[in-house]
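Here's the letter readout for the chains.
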Amino acid sequence: NRSAASAAEGALQLQGKRALFAEDNALNREIALVMFEELGMDVTAVENGQRTVETFEASARGEYDFVLLDIMMPVKDGLDAARAIRALPREDAAAVPIIALSANAFQDDVERSLAAGMNAHLTKPIDPHKLRDALTGITAEM
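### Quick notes on the overall build of the chain
Secondary structure assignment for the chain yields seven helices and five strands. When its helices and strands are written in sequence order, the chain yields α-β-α-β-α-β-α-α-β-α-β-α. For the chain, whose C-alpha radius of gyration is 14 Å, the value lies close to the compact-globule estimate of 14 Å for 142 residues. Overall, the C-alpha framework of the chain stretches about 45 × 35 × 25 Å when taken along its three principal axes. Relative to its full complement of 142 residues, the chain shows a buried share of 46%. Within the chain, contacts between residues separated by at least 24 positions form 65% of all contacts whose residues are at least 6 apart in sequence.

Structure below.
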């Protein structure tokens, strides 16, 4: 089965990758963490955009392979968090792939995510296959 083989190959590409993941809803955070674990990823989960920026800023350069941001969060939303990360004075802040996670799937929502410096926009609930495909697609571009 060709799709099963490509899925297995995609999961292998993500083994050991590190991600910073922001989601304010505890249940959604737990569900997503299981998906990341099944992909073999090491994920740091935080509850809002402000904590995302602080965690990224305090991390070692190149520590995170991806940043995944819920768009609608308290304290600092995902768009503002992406802009803040991109504005940090370090090389990896400009290069790290940032992916929006949002219940909003309209074209203008996608465009807002991209304009904020994000590389991709995935709709929620998160489809594990689309998540894997987006992450492996970005990995292939790196």
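### Comments concerning the packing of aromatic side chains
Any aromatic ring pair is given by two values, namely how distant the centres are and how the planes are angled relative to each other. Under the defined criterion, the tally for this structure stands at two aromatic pairs. With centroids separated by 5.2 Å and ring planes inclined at 65°, the aromatic side chains of Phe21 and Phe36 adopt a geometry described as edge-to-face. Pair noted here: Phe21 is in strand E1 (residues 18–22) and Phe36 is in helix H2 (residues 26–38), with a separation of 15 residues, a long-range link. Here Phe21 matches Phe36 in class, with each residue buried.

### A few points about the pairing of strand E5 (residues 120–123)
In the sheet, strand E4 (residues 98–102) pairs with E5 via four bridges, with the strands oriented parallel. Following the sheet pairing, Leu101 is matched in E5 by Leu122. Where the polypeptide runs from E4 across helix H6 (residues 107–115) and back to E5, its parallel neighbour, the crossover connection is right-handed.

Conventions we followed
- All residue numbers here refer to positions counted from 1 along the written sequence of the relevant chain.
- Owing to the predicted nature of the model, reporting of local features is limited to residues with pLDDT of at least 70; listing and counting of side-chain atom pairs is limited to 80 or more, with chain, interface and lining totals taken over all residues.
- Based on all heavy atoms of the structure, the side-chain values leave hydrogens and waters out of the count.
- Only DSSP runs of H or I covering at least 4 residues are called helices, and only runs of E covering at least 2 are called strands; the numbering of each starts at the N terminus.
- It is over C-alpha atoms that the radius of gyration is taken, and the globule rule equals 2.2 Å times the number of residues to the power 0.38.
- Only protein chains enter the area calculation, which uses a 1.4 Å probe; residues under 20% of their type maximum are buried, those over 50% are exposed, and those in between are partly exposed.
- What makes two residues a contact is simply this: any of their non-hydrogen atoms within 4.5 Å.
- For Phe, Tyr and Trp, rings pair up if their centres lie within 6.5 Å, where Trp contributes its six-membered ring, and each pair is then called stacked (planes under 30 degrees apart), edge-to-face (over 60) or tilted (otherwise).
- What makes two strands pair is DSSP finding at least two bridges between them.
- Note on handedness: a clockwise path from strand one over the helix to strand two, with the strands aimed away from the viewer, defines a right-handed crossover.

Keep in mind that these numbers describe shape and distance, not what the molecule does.
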